[in-house]
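Here is what each chain is made of, one letter per residue.
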Amino acid sequence: MLRIARHSPTAARRTPRRLLAAAAAFLSLSFTGAALPHSVAAATEPTGDPVSVTPASPRVPAGVTAGVAVFDRQTGTFTEQLDPAATFRSASVVKLLIALDFLWSRSPDAIPVADRTRLDVMLRSSQDAAANHYWSTYGGPAIVERMVKRLGLADTAPPPAGHEGYWGYTAMSARDTVKTYRHVLESAPAPVRDFVMERLRRSTRCASDSFDQHFGIAAAFDRPWAVKQGWSGRYAKGNCGSTSTGAAGGIDVPAPTSADAGGAGVDLGRPALHTTGTVGAGDRSIVAVFTLHQDGTSYGKAYTDLGRLTRSLNVPGGTAPEGKWYGTWGQDVAVRKEPVVGDNLLTRLPAGVEVLVGCQKKGQLVSVPPYTNDWWAYLPQYGGYVTNIYISHPDDQLPDVPLCTSQK
């Protein structure tokens, strides 16, 4: 962590899965391209049928602390507010303020190429090194103080005393985040608006630190959307991408080893996961969901809980993607371009995360003792397949998921 800074018909039926889940995950390297599990506990298989997406707005999972605000720009009203003034450590959401501060008196068309590159990776891929550069060069906490005055933010504050070097410890609330997006969309010069929003619309699935950052808004709604996400905590290393697992060098704004709260009462200890951005044509709705999770929560569980909360919200202009949500089990489960094992890895799933299954088809017979299966699930949001062995359902073929068409 940088001090300044701180993503077959012949298939056998599956038998007692819970008792043998650890063995299955251990052997998955040979058959699915997944790396060996970091621990037996990480390979424990959850149970359950498809997860209901019937709105119970807002639905906050057990053990989660949340601050939520959804603003409909068409009607000028909030459709959701849950502790909207509650402050959370911002993690990478503060990169919005860092970028706006730099562009306050500058046109994106006139800035040096090096700065365009830094801003691009900071906003699209949440690169910490870029945020470090601006934080150390332009005054650190003074960046936040300037933006509070400029935007009239009520709850935002610089990192607490003793943590001034950590931009991710900036305090932010859901309602201040909505106000920030409203500034970008409604008040900022058009070149700044277009520069920032274009990059948020082209958010990369894999962040610069190898964390899958297409959770929350990016998973709950079909495009168009634009997102700036944040994550902070003692999560396992990111495994996103087609390279070998564990490539990430760190966590986005790690939690301190001591001190549960900053001087302003902002929790600096519990794992945090935030999703912010816009949804719908014309950026109709602005969505800000800040969450804290219980100590020891895995990235996959936090990802899942935040997804359930976001899907429960009333977001005008948002369209839920087609498919069924299912839990998964296992560590570093491979998502592949085709339903076959080989040199076709797209990425790996966060351990135990829920996924949207669009359809299924038969492919290569996969054997992960004691399981054998030739059915594969297509994950439309990833554009690839996972073997049904790792979908949390007792049947080889999922009973309520259609067959894939030939083009998939």
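Each remark here, short or long, concerns the structure printed above.
In what follows, the accompanying structure is described. (Residues numbered from 1 in each chain as written. Predicted model: local features only at pLDDT ≥ 70, side-chain atom pairs only at ≥ 80, totals over all residues. Heavy atoms only, no water.)

### Structural notes on the state of the cysteines
Rule in force here: We call a pair of cysteine sulfur atoms a disulfide when they lie within 2.5 Å. Here a helix means four or more residues in a row that DSSP labels H or I, a strand means two or more in a row labelled E, and each is numbered from the N terminus. Think of it in three bands: residues with accessible area under 20% of the maximum for their type are buried, residues over 50% are exposed, and the middle band is partly exposed, with areas taken using a 1.4 Å probe on protein chains only.
One pass over the full model with this rule turns up 2 disulfides. Bridging Cys206 to Cys240, the disulfide has an S-S length of 2.1 Å. Taking the torsion about the sulfur-sulfur bond, which here is approximately -70°, the covalent link between Cys206 and Cys240 counts as left-handed. In this pair, Cys206 is assigned in the loop between helix H8 (190–201) and helix H9 (217–220) and Cys240 in the loop between strand S5 (225–232) and strand S6 (272–279), connecting sequence segments 34 residues apart. Judged by relative accessible area, Cys206 falls into the partly exposed class, the value being 25%.

### Examining the side chain of Thr180
Worth spelling out the cut-off: Two residues qualify as a contact provided that any one of their heavy atoms is within 4.5 Å of a heavy atom in the partner residue.
On the secondary structure map, Thr180 appears in helix H7 (residues 174–186). Sequence-distant contacts of Thr180, that is, excluding residues within four places in its chain, are made with Leu97, Leu100, Leu151 and Leu153.

### Description of the sheet that holds S5
Formally: Here, strands pair whenever DSSP counts at least two bridges between them. Every axis corresponds to a line fitted to the C-alpha atoms, with the helix fit spanning only the stretch in contact, and the corresponding angles, defined between N-to-C directions, vary from 0 to 180 degrees.
With antiparallel pairing, the 5 strands of this open sheet are ordered in space as S2-S1-S7-S6-S5. Of all strands in the sheet, those with a lone pairing partner are strand S2 (77–82) and S5, marking the two edges. Taking the axes of each pair of neighbouring strands and ignoring which way they run, one obtains an average angle of 5° across the sheet. Pairing between strand S1 (residues 65–72) and S2: 5 bridges, direction antiparallel. Within S2, the position partnered with Val68 by the bridge is Leu82.

### Some words on the nonpolar core
One recurring pattern in soluble globular proteins is that nonpolar side chains are buried together. The condition is simple: We call a set of buried residues a nonpolar core when its members are Ala, Val, Leu, Ile, Met, Phe, Trp, Tyr or Cys and they connect through side-chain atoms within 4.5 Å of each other.
Residues Leu273, Leu349 and Val357 are the most contacted members of the largest nonpolar core, which totals 50 residues. Among residues more than four places away in sequence, those in contact with Leu273 are Phe215, Gly230, Trp231, Tyr235, Val289, Phe290, Thr291, His293, Tyr299, Ala302, Tyr303 and Leu306. Listed in part, the 45 residues of the second largest apolar core include Leu123, Ala131, Met147 and Ala188.

### Things to note about the pattern of salt bridges
Stated formally: The working definition used for a salt bridge is a side-chain nitrogen of Lys or Arg within 4 Å of a carboxyl oxygen of Asp or Glu.
Evaluated as defined, the whole model comprises 20 salt bridges. With its nearest N and O atoms 3.1 Å apart, the salt bridge here joins Arg118 to Asp115. Taken together, the positions of Arg118 and Asp115, both in helix H4 (residues 113–124) and 3 residues apart, correspond to about one turn of that helix. For Asp115, a relative accessible area of 9% gives the class buried. Measuring nitrogen to oxygen at the nearest pair gives 3.8 Å for the salt bridge that ties Asp120 to Arg124. Remark: Arg124 and Asp120 occur in helix H4; sequence separation between them is 4 residues, near one turn of the helix. Across the pair, Arg124 and Asp120 agree in class, each one buried. Counted as one network, the salt bridges with shared partners bring together Asp120, Arg124, Glu198, Arg199 and Arg202.

### Some remarks on unusual backbone geometry
The omega torsion of the bond from Arg223 to Pro224 falls at 10°, within 30 degrees of zero and hence cis. Turning to its location among the elements, Pro224 is positioned in the loop between H9 and S5. Along the chain, Pro369 connects to Pro370 via a cis peptide bond; the corresponding omega equals 10°. Tracing the sequence through the fold places Pro370 in the loop between strand S12 (359–368) and strand S13 (371–379). Even without being a glycine, Ala91 presents a positive backbone phi close to 50°.

### A short note on empty space enclosed by the protein
To keep it simple, the criterion reads: A cavity here means a set of points on a 1 Å grid, drawn over the protein atoms and nothing else, where a 1.4 Å probe fits but cannot get out; a pocket is an open set with protein on both sides within 12 Å along at least five of seven lines, and a residue lines either one if it has an atom within 4 Å of a point. Grid points are joined across faces, edges and corners, and a volume is the space filled by probe spheres set on the points. Under the scheme applied here, ten amino acids are nonpolar (Ala, Val, Leu, Ile, Met, Phe, Trp, Tyr, Cys and Pro), four are charged (Asp, Glu, Lys and Arg), and all others, including Gly, are polar.
Here the largest cavity defines a volume of roughly 70 Å³. What lines the largest cavity is Arg205, His214, Ala218, Ala219, Tyr303, Trp325, Glu354, Val355, Leu356, Gln381 and Tyr382. Among the secondary structure elements, those contributing two or more residues to the lining of the largest cavity are H9 and strand S11 (355–357). Residues belonging to the lining of the largest cavity are distributed by class as follows: 7 nonpolar, 2 polar and 2 charged. By volume, the second largest cavity amounts to about 60 Å³. The wall of the second largest cavity is formed by Phe215, Gly216, Ala219, Tyr303, Thr304, Gly307, Arg311, Trp325, Val353 and Glu354. In terms of residue count, the dominant contributor to the lining of the second largest cavity is helix H10 (residues 299–311) (4 residues).

### So, the packing of H4 against helix H5 (residues 128–137)
For any two helices packed against each other, the geometry comes down to the angle between their axes and how far apart the axes lie. Selection rule: Angle categories are assigned with fixed cut-offs, so that under 35 degrees is roughly parallel, over 145 is roughly antiparallel, 65 to 115 is roughly perpendicular, and the rest are oblique. Whether a crossing is left-handed or right-handed is set by the direction in which the near helix is turned from the far one by less than a right angle, anticlockwise for left-handed and clockwise for right-handed.
Orientation of H4 relative to H5, taken along the N-to-C sense of each, is 125°, at an axis distance of 8 Å. In this view, H4 runs oblique relative to H5, as classed from their interaxial angle. Viewed along their axes, H4 and H5 form a crossing whose handedness is left-handed. Every residue of H5 that contacts H4 at Asp115, Arg118, Leu119, Val121 and Met122 is listed here: Ala130, Ala131, His133 and Tyr134. Partitioning the contact of H4 with H5 into residue classes produces 6 nonpolar, 1 polar and 2 charged.

### As for the packing of aromatic side chains
Threshold: Note on ring pairs: Phe, Tyr and Trp rings are taken, using the six-membered ring of Trp, and paired if centres are within 6.5 Å. Classes follow the plane angle, with under 30 degrees stacked, over 60 edge-to-face and the rest tilted. Whether a charge sits over a ring comes down to the Lys NZ or Arg CZ being within 6 Å of the ring centre and within 35 degrees of the ring normal.
Applying the stated criterion to the full structure yields 16 aromatic pairs. Considering the side-chain rings of Tyr134 and Tyr138, the 6.0 Å spacing of their centres and the 25° angle between planes classify their relative orientation as stacked. Here a set of aromatic residues connected by ring pairs shows up, and it is made of Phe211, Phe215, Trp231, Tyr235, Tyr299 and Tyr303. In this arrangement the basic side chain of Arg106 is found over the ring face of Phe102, its NZ or CZ atom lying 4.2 Å from the centre. Here Arg199 stacks its cationic end above the ring of Phe195, 3.7 Å away from the centre of that ring.

### Describing the packing of helix H3 (residues 95–103) against H7
Running from N to C, H3 and H7 cross one another at 35°; their axes reach a closest spacing of 11 Å. The two elements H3 and H7 meet at a crossing, and its hand is left-handed. In this structure, H3 uses Leu96, Leu97 and Leu100 to contact H7, whose residues at the interface are Thr180, Tyr181, His183 and Val184. Within the contact of H3 with H7, the residues separate by chemical class into 5 nonpolar, 2 polar and no charged.

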